[in-house]
Amino acid sequence: MTYLKEKPFYLSDEQLAWVRESLVSLSDEEKAGQLFCVMGGDYSPETLKDMVAKGKVGSILFRPVKDCEGIKADFAPLDEVAKIPLLKAANLEEGGSGGMSDGTLFGWPMLSAASSDEKVVEHFGAVCAVEGRKCGINWTYSPVCDLDMNYMNPITNVRSFGSDTDKVVRFTEKYVSAVQSRGVAACAKHFPGDGVDHRDHHLHVTYNTISADKWYDTYGKVYENLIKNDLMSVMVGHIAQPHVARDADGSISDAEAMAPASMNPTLLKKVLRGILGFNGLITSDATIMGGFCMHKPRREAVPAAIMAGCDMLVFNTDFEEDYGYILEAIADGRLSRERLDEAVTRILALKVKVCFEKPLEEEVAAAKWHEECADKAITLVKSREPEALPISPEKFPTVRLITLGKDDILDGSVKAITKEILETEGFKVECYEPFADDLHGSAKLDKSRLTLYMANYEQASNQTTVRINWCPKHALDIPRFINEETSIFVSLANPYHLQDVPMIRTYINAYTATRTTIRLTIEKLMGRSEFKGISPVDPFCGLPDTRL
């Protein structure tokens, strides 16, 4: 176990002794339990407490449906009965809101990236860690280290720091340093890298198909840098990288090379552990995802993921069933005791690093920092109509407001917030309802009316695309008369909407839908402050007409 004295754990003799003693104290059944991170909300409080008391659980993630005090209250009875402290996980990808309902939505990572300010991402990580620690969270499934190489990818998008490798290297490093220095273990995801395929591994295995050389110059560089800077854990996606696998082991079969990383020993042991030198904890992404479930029968897949190099498994289709598969595999030798102990040892090492931390006294200026970030990040992507900006009630007394996508956000309603701010500024606002309209010509259009689009199409798991769905009645809400009236399009959550409104002449990306980003965008449209953001991706999607 002397390797635990090295990076990223740097265990003291006292900490190492605790790991040794804890490992010896565990039965096979309890060791099997340490391998699982369960979704707390899937079980009644009584059932979950019983599972923890019997040593069947190593980690718990509660969805952010309760406030901080509610999350703490859910953890308290579990802490009382846990023989080994729990890793308390959350997806703090976008701020404290990823862990609790009253947490701060600081912004999706691309918002920080568009600011081009490393201090902003330090604030981002600080907000995640400080708010997370207040409700007991000690392990965050972040940062997202994927490169957003494919604008049609439905899940990466604004969750990433963009497509520029050097920026992703710098910003992920700053984020990891910010959270880990505050007692929260970071878990970089999704190795070997999402953002190349146009599909989502929540639904089936997806593929990172770039060459091995390009991979090492991009995704590999991101992970290599984080490993060098003491990253504690890595989350492995149900994503195949056949070229890197074959490069690491030319003798493997096509089937072995095409296996998702979560069950691919070549990618985990030879590449992540060997070539990149990672010594921390490896966890799978959620095993309820199609990319895990479809690769091989679940009875085989659950222990195979541990044998391949995963130390922990996230979520279950049926916990008792999965737990039983691990016990069966220990009994019949498909999961070796050596590999079992190795996995549990690293879990214990992570626990001794973060589960005994004293309360964090630090306070953060979360709302102020979010506003500073948004001010630096909101991006004027396209401005081909000089007379459109700045807007004012004198120039455009009436604003026809067209909202698209999801209206509900943490702050309320996109439509209501936008209307309120515009009316406060002196505009008359007409909220457009396409079903109440009919086709008409352009001759009678009011030249003093501004049409303002506010689109909120968020990336989300289990959807196959992030595109605008226009009104089925003649697509009456499209920017049809761009040559006859002034139209401005604001995307609040997706940098790639120019693929669907290529001819629009004024286009803004705001990256995250909050009251603050909406207000700041309107202020910038009115000329009260400059657009400072620099797009971290190609918002023109490589298409010839989007720049016109």
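For the structure itself, look to the data block above.
Let us look at the structure shown here. Keep in mind it's a predicted model, so treat the numbers as computed, not measured.

## Notes on the packing of aromatic side chains
Part 1 of the reasoning: Within the structure shown, the criterion is met by 15 aromatic pairs.
Part 2 of the reasoning: An aromatic cluster of three or more residues is present, and its members are Phe191, Trp215, Tyr216 and Tyr223.
Part 3 of the reasoning: One residue, Lys88, lies across the ring of Phe75, its end atom 4.9 Å from the ring centre.
Part 4 of the reasoning: Cation over ring: Arg400 sits above Tyr432, and NZ or CZ is 4.8 Å from the ring centre.

## Considering helix 1 (residues 13-25)
Part 1 of the reasoning: Counted at 1.5 Å a residue, the expected span for helix 1 with its 13 residues is 18 Å, and the 18 Å between its end C-alpha atoms agrees.
Part 2 of the reasoning: The set of residues buried in helix 1 consists of Leu16, Val19, Ser22 and Leu23. Taken end-on, helix 1 shows its buried residues confined to a sector of 130°, consistent with a single buried face. Away from its buried face by more than 90 degrees, helix 1 exposes Asp13, Glu14, Glu21 and Val24.
Part 3 of the reasoning: Taken together, the buried residues of helix 1 touch helix 2 (28-34) and helix 16 (337-354).

## Focus on the sheet that holds strand 9 (residues 281-286)
Part 1 of the reasoning: Judged by pairing direction, the barrel is parallel, and its 8 strands sit side by side in the order 1-2-3-4-5-7-9-10 before closing back on the first.
Part 2 of the reasoning: Taken together, the 2 bridges between strand 1 (residues 36-39) and strand 10 (residues 312-314) define a ladder with parallel strand orientation. Residue pairing in the sheet places Cys37 in a bridge with Val314 of strand 10.

## Overview of the packing of helix 14 (residues 298-308) against helix 15 (residues 319-332)
Geometry of a packed helix pair, given as the angle between the helix axes and the separation of the axes.
Part 1 of the reasoning: Two elements in contact, helix 14 and helix 15, have axes separated by 9 Å at closest approach and are oriented at 65°. Our classification of the angle between helix 14 and helix 15 gives roughly perpendicular. Like other packed secondary-structure pairs, helix 14 and helix 15 cross with a definite hand, here right-handed. Along the contact surface, helix 14 presents Arg298, Arg299, Val302, Pro303 and Ile306, while helix 15 presents Glu321, Asp322, Tyr325, Ile326, Glu328 and Ala329.
Part 2 of the reasoning: In terms of residue class, the contact of helix 14 with helix 15 is made up of 6 nonpolar, no polar and 5 charged.

## Focus: the pattern of salt bridges
Part 1 of the reasoning: Per the counting criterion, the structure on display carries 43 salt bridges.
Part 2 of the reasoning: The closest approach of N and O atoms between Lys56 and Glu320, which form a salt bridge, is 3.1 Å. With a gap of 264 residues between them, Lys56 in the loop between helix 3 (45-53) and strand 2 (59-61) and Glu320 in helix 15 connect regions that are remote in the sequence.
Part 3 of the reasoning: A relative accessible area of 14% means that Lys56 is categorised as buried.
Part 4 of the reasoning: Notably, a salt bridge pairs Glu328 with Arg299, separated by 2.6 Å at the nearest N-O pair.

## Looking at the pairing of strand 9
Part 1 of the reasoning: Counting buried residues along strand 9, 6 of its 6 residues qualify, which places the element largely inside the surrounding structure.
Part 2 of the reasoning: Direction of pairing for strand 9 relative to strand 10: parallel, over a ladder of 2 bridges. Residue Thr283 lies in a different strand from strand 10, and its bridge partner there is Met312.

## Considering the environment of Leu335
Part 1 of the reasoning: Note that Leu335 resides in the loop between helix 15 and helix 16.
Part 2 of the reasoning: Residues Leu335 and Tyr325, spaced 10 residues apart in sequence, show a C-alpha to C-alpha distance of 10.0 Å.
Part 3 of the reasoning: When neighbours within four sequence positions are excluded, Leu335 is seen to be in contact with Ile306, Met307, Ile326, Ala329, Ile330 and Leu340.

Definitions and cut-offs
Residues numbered from 1 in each chain as written. Predicted model: local features only at pLDDT ≥ 70, side-chain atom pairs only at ≥ 80, totals over all residues. Heavy atoms only, no water. Phe/Tyr/Trp six-rings, centres within 6.5 Å; stacked < 30°, edge-to-face > 60°. Lys NZ or Arg CZ within 6 Å of the ring centre and 35° of its normal. Helix = DSSP H or I, 4+ residues; strand = E, 2+ residues; numbered from the N terminus. Expected span 1.5 Å × (residues − 1). Buried < 20%, exposed > 50% of the residue type's maximum accessible area, 1.4 Å probe, protein only. Arc of directions from axis to C-beta. Contact = heavy atoms within 4.5 Å. Pairing = 2+ DSSP bridges. Axes fitted to C-alpha atoms, helices over the stretch in contact; angles between N-to-C directions. Parallel < 35°, antiparallel > 145°, perpendicular 65-115°, else oblique. Left-handed = near helix turned anticlockwise from the far one by under 90°. Nonpolar A, V, L, I, M, F, W, Y, C, P; charged D, E, K, R; others polar. Salt bridge = Lys/Arg side-chain N within 4 Å of Asp/Glu carboxyl O.

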